[in-house]
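# Residue-level structure breakdown
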Amino acid sequence: MGGLETETAELEAEVSRVETEIESIREKLDGRSGTLEEIAEDVAARKEDRNRLIDERKELWREDAKLDSLVESSRQELEKAERALSYTMDQNTSRGLAAVRRIKEKLNLKGCYGTLVELMDVQENFRTAVEVTAGQSLFHYVVDNDDTATTVLQHLQREKAGRITFMPLNRLKPRLGNFPGTKDALPMLDYIEYDETYAKAFEQVFGKTIVCPDLNVASQYARSHGLSAITLAGDRADKKGALTGGYHDPRRSRLEAVKAVKKWRETYEKQKREAMEIKRRIERKDQEVTNAVGELQKVEAKRGQLENSYGPLRANLQGLVGTVGQLKDNLERKRKSRENVEASLKSLGEQLEAYQAEISSEFKKSLTSAEEARLEELTGTVQELRKSLSVVALERAEKESRKSIIEVELRENLRMRLDQLKGQSMDNLETTGSGGRRSDLKESQGELKRIGKSIDRVKTRLDEVDRELDEAKKELEELERQKAELQTAQQEEARNIERQKKKIERSMAKRALLTDKAQECSRNIRDLGVLPEEAFEKFERLASNQVVKRLHKVNEALKKYSHVNKKAFEQYANFTKQRDTLIKRREELDSSQSSIEELIQVLDQRKDEAIERTFRQVSKDFAEIFEKLVPAGRGRLVIQRRVDREERDDEGSGDDEGEGRKGGVENYTGVGISVSFNSRHDEQQRIQQLSGGQKSLCALALIFAIQQCDPAPFYLFDEVDANLDGKLDLIY
């Protein structure tokens, strides 16, 4: 009995311990829902931050794309303006300015201020005058000192990047002109806006120029004050009296081109800086998005770890539940055994007491009637109780069997199903439970907010577009109205042009009539011949009617002399003058002919002398060189003449070739060579009789003789037409 109670106590303690552990695990599982909700809220908040950062980055991307488009448009406009500016200057200056700008940025030169045209601002109506006055000086580059100019020039020369003129302020010493001080002749410097730092450069270029209303006033002031005067139209008068001017196309204005370049360069640089700032902001936003995504991944990893830890806890819980069920079954069996033992002990104790009471009572052979009646009553009661006991025992057995079945069902099925349902509820809690629903709700709310903001932005943009559309409609209406006005004005001008055309046609017809009359009057005047000067003075002050009447009378009187040549006197005077002119011209030609013939004779004589002198020198040098080359031989040059062609072998040698010439140089037909290779006294041979080696030796001797002649007797030009094309080659 004591061992059974000990086992029962141990089983109760073990059941209590396992149930405590089960409760602890259940509390942990129940507490996970709150932790999951907190983590889900954290995940939702971090997702919202991530989405917000992504939306901000998208907005920055849109701004960046818009700025890139604007930068590209500004760059194209800048290139267009720079091309237009380059057309107003020579290529070297354009390349030089671009190189100076690049060198300035590379070396960070603070003393390079810019070209003269970039440093000033001029009113529109004075631009033509300023451009004409400055000319190419508009593109002279202003620097602080000559050291800066030298540095830039060295880089320009090293890179061969064009040509530029510098204006070092420390070297400029301008002298201002003597300005009149009147309202119609004001200094040009008064109309130019510039920084006082560059005053010397502007005084150097514009310091002696005044602006006048017209060219007459300009020329007067230019001569009287020794200045250069210019009008607003660009007509110029200098101090020496020279007048220059003409039409200047305002569309090719250098100042306008520079202004456009400056405007677009500033716009391009500004938009480029804004684009760079946007790109830096995008980089920072990318880092923020990366950090937010990293934090979100950390929280989601933490939630995943928590979710993954549920499986072992649930498996442990199921194991403990099975263990506690087995322990309870054992405990129940132990309790039943103890109860049975206690019931047996009680029954045995009662039997023992009954037996002891029976032993202690007196022994009687028979029962009394009362006892017998009582015995019968008790016997009936015992039988009834035994029947009741058998019924109760049967019911108890049925109940215990039912209880065992229910406990097995509860332990084997229902509790496991309960734990399974709890696990599913926990899974649903993790996925679609309250925390998930809250996170989904928050995500949906965040998405709804973002969509609302997007809708608000779209509505704002629509409102802006509506306003722009209204403004565009108003502008279109205004343009339509202006178009209608212009069309009306154009129609009116067309009608005026038609009227003017009709007037011009009438004027042309009238002009044709007057031209015919003028020609007729000219013919009549020519028919009259030469009139004395007093005729013009006599009729100058008469009225036209009186002149016409007198003319009519004179014409009537001239009809009597129609057979007389009225131009005879004029023709005689003209012919006499022509004769005198021709006689004078003939005398001049005769004198010129004599001078020319004399010059020809002198030149012929000099030519003959030069030819003979040159021949003698070449012949002498040939003989000397030939003797050196052929010591045993002798050679000489022979002049060939027409008159002695048959006797040329007997003519004189090179020492006396010029003597006794017959008929001068015109009688010469050529030069021959007579040589002897064996003896000085043998018969000399002509060039045709020599061998190839002898001819080469003679040619060398002749070349050496010509080279020793000073000055050279002739000049040889080889391929003088090498650079001419076929057509010019034939011409020249």
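Here goes a summary of the coordinates provided. Model, not experiment: these values are computed from the prediction. (Residues numbered from 1 in each chain as written. Predicted model: local features only at pLDDT ≥ 70, side-chain atom pairs only at ≥ 80, totals over all residues. Heavy atoms only, no water.)

### Quick look at the packing of helix α13 (residues 568-629) against helix α14 (residues 692-708)
Angle between the axes and distance between the axes: these two values describe a pair of packed helices. Taken N-terminus to C-terminus, the directions of α13 and α14 make an angle of 130°; their axes are 8 Å apart at the nearest point. Here α13 is positioned oblique relative to α14, judged by the angle of their axes. As α13 packs across α14, the resulting crossing turns out to be right-handed. Across the interface between the two elements, Q617, V618, D621, F622, I625, F626 and L629 from α13 touch L697, C698, A701, L702, F704, A705, I706 and Q708 from α14. Of the residues assigned to the contact of α13 with α14, the class counts are 12 nonpolar, 2 polar and 1 charged. (Axes fitted to C-alpha atoms, helices over the stretch in contact; angles between N-to-C directions. Helix = DSSP H or I, 4+ residues; strand = E, 2+ residues; numbered from the N terminus. Parallel < 35°, antiparallel > 145°, perpendicular 65-115°, else oblique. Left-handed = near helix turned anticlockwise from the far one by under 90°. Contact = heavy atoms within 4.5 Å. Nonpolar A, V, L, I, M, F, W, Y, C, P; charged D, E, K, R; others polar.)

### Some thoughts on the sheet that holds strand β13 (residues 685-686)
Pairing is antiparallel in the open sheet, where 3 strands are placed in the order β11-β12-β13. If you trace the sheet from one side to the other, it starts and ends with β11 (634-641) and β13, each paired once. Looking at chain direction, strand β12 (residues 668-676) and β13 are connected through 2 bridges and run antiparallel. Looking across to β13, one finds that V675 is bridged to Q685. Sitting on the sheet, α13 touches β11 and β12, and the angle it makes with β11 is about 155°. (Pairing = 2+ DSSP bridges.)

### Examining the packing of aromatic side chains
As enumerated under the stated definition, the model contains 7 aromatic pairs in all. Linked through ring pairs, Y194, F202 and F206 together constitute an aromatic cluster. Lying over the aromatic face of W264, K263 brings its terminal NZ or CZ to 5.3 Å of the ring centre. (Phe/Tyr/Trp six-rings, centres within 6.5 Å; stacked < 30°, edge-to-face > 60°. Lys NZ or Arg CZ within 6 Å of the ring centre and 35° of its normal.)

### With respect to the side chain of D64
Topologically, D64 is positioned in helix α1 (residues 2-86). Relative accessible area serves as the criterion here: at 12%, D64 is assigned to the buried category. Contacts of D64, omitting those with residues within four sequence positions, involve A275, I278, K279 and I282. (Buried < 20%, exposed > 50% of the residue type's maximum accessible area, 1.4 Å probe, protein only.)

### Brief notes about helix α2 (residues 91-107)
For α2, spanning 17 residues, the distance from its first C-alpha to its last is 24 Å, which sits close to the expected 24 Å at 1.5 Å a residue. Within the sequence span of α2, burial applies to T93, G96, L97, A99, V100 and I103. Next to the buried residues of α2 lie β1 (112-115), β3 (141-143), α4 (146-159) and β4 (166-168). Backbone nitrogen of N92 and a side-chain oxygen of the N-cap are separated by 3.3 Å at the start of α2; the cap is D90. (Expected span 1.5 Å × (residues − 1). Polar contact = N/O pair within 3.5 Å; in protein donor to acceptor, adjacent residues only side chain to side chain.)

### Remarks on the nonpolar core
Formed by 54 residues in total, the largest nonpolar core has its most connected members in M120, L156, F166, F202 and F206. Considering every element that reaches this core, the biggest residue donor is helix α7 (residues 254-308), with 8 residues. Three or more residues apiece are contributed to this core by two domains, here domain 1 (1-70 + 277-351) and domain 2 (110-260). F166 has contacts with V100, Y141, V143, A149, V152, L153 and L156, leaving out every residue within four places of it along the chain. (Core = buried A, V, L, I, M, F, W, Y, C linked by side-chain atoms within 4.5 Å. Domains from an automatic or database assignment.)

### As for the pairing of β11
Within β11, 6 of the 8 residues are buried, leaving the element largely enclosed by the surrounding structure. Alignment of β11 against β12, held across 8 bridges, turns out to be antiparallel. When the bridges of β12 are listed, Q640 appears paired with G670.

### Description of the sheet that holds strand β10 (residues 243-244)
Spatially, the 5 strands line up as an open sheet ordered β5-β7-β8-β9-β10, and their pairing is mixed. Either end of the sheet is taken by a strand with one partner, and the two such strands are β5 (186-187) and β10.

### Regarding unusual backbone geometry
The phi angle at N108 is positive, at roughly 55°, despite the residue not being glycine. Relative to the helices and strands, N108 resides in the loop between α2 and β1.

### Considerations on a positive patch on the surface
A cluster of like positive charges, contributed by R175, K208, K239 and K240, occupies part of the molecular surface. You can see K239 is positioned in the loop between β9 (236-237) and β10. (Patch = residues over 30% accessible without salt bridge, like charges linked within 9 Å, V, L, I, M, F, W, Y side chains within 5 Å. Areas by Shrake-Rupley, 256 points an atom, 1.4 Å probe, with all protein chains shown as cover. Salt bridge = Lys/Arg side-chain N within 4 Å of Asp/Glu carboxyl O. Lys, Arg positive; Asp, Glu negative; His and termini not counted. Charge placed at Lys NZ, Arg CZ, Asp CG, Glu CD.)

### With respect to the pattern of salt bridges
A full pass over the atoms with the stated rule returns 26 salt bridges. Notably, a salt bridge pairs D286 with R57, separated by 3.0 Å at the nearest N-O pair. Linking D286 in helix α7 with R57 in helix α1, this pair joins segments that are 229 residues apart in sequence. The partly exposed category is assigned to D286, whose relative accessible area is 26%. Measuring nitrogen to oxygen at the nearest pair gives 3.5 Å for the salt bridge that ties R585 to E588. Taken as a pair, R585 and E588 lie in helix α13 at a separation of 3 residues, close to a single helical turn. You can call E588 partly exposed: its relative accessible area is 37%. Within the structure, one salt-bridge network assembled from shared partners comprises D42, R46, E295 and K298.

### Description of a nonpolar patch on the surface
Together, L629, L700, I703 and F704 line one region of the surface with nonpolar side chains, adding up to about 330 Å² of accessible area. At 3 residues, the largest contribution of residues to the nonpolar patch is made by α14. Within the secondary structure, L700 is located in helix α14.

### Examining the side chain of D146
Following the sequence through the fold, D146 ends up in helix α4. Once residues within four sequence positions are removed from consideration, D146 is found in contact with P168, N170 and R171.

### Quick word on the packing of α2 against α4
Where α2 meets α4, the axes come as close as 10 Å, and the angle between the chain directions of the two elements is 120°. Between α2 and α4, the angle falls in the class oblique. As α2 packs across α4, the resulting crossing turns out to be right-handed. Facing α2, whose interface residues are G96, A99, V100, R102, I103 and L107, α4 presents T151, V152, H155, L156 and E159. Class assignment of the residues belonging to the contact of α2 with α4 gives a composition of 6 nonpolar, 3 polar and 2 charged.

### Focus: the environment of R641
With respect to the secondary-structure elements, R641 resides in strand β11. Spatially, the C-alpha atoms of R641 and T669 are 5.4 Å apart, while their sequence positions differ by 28 residues.

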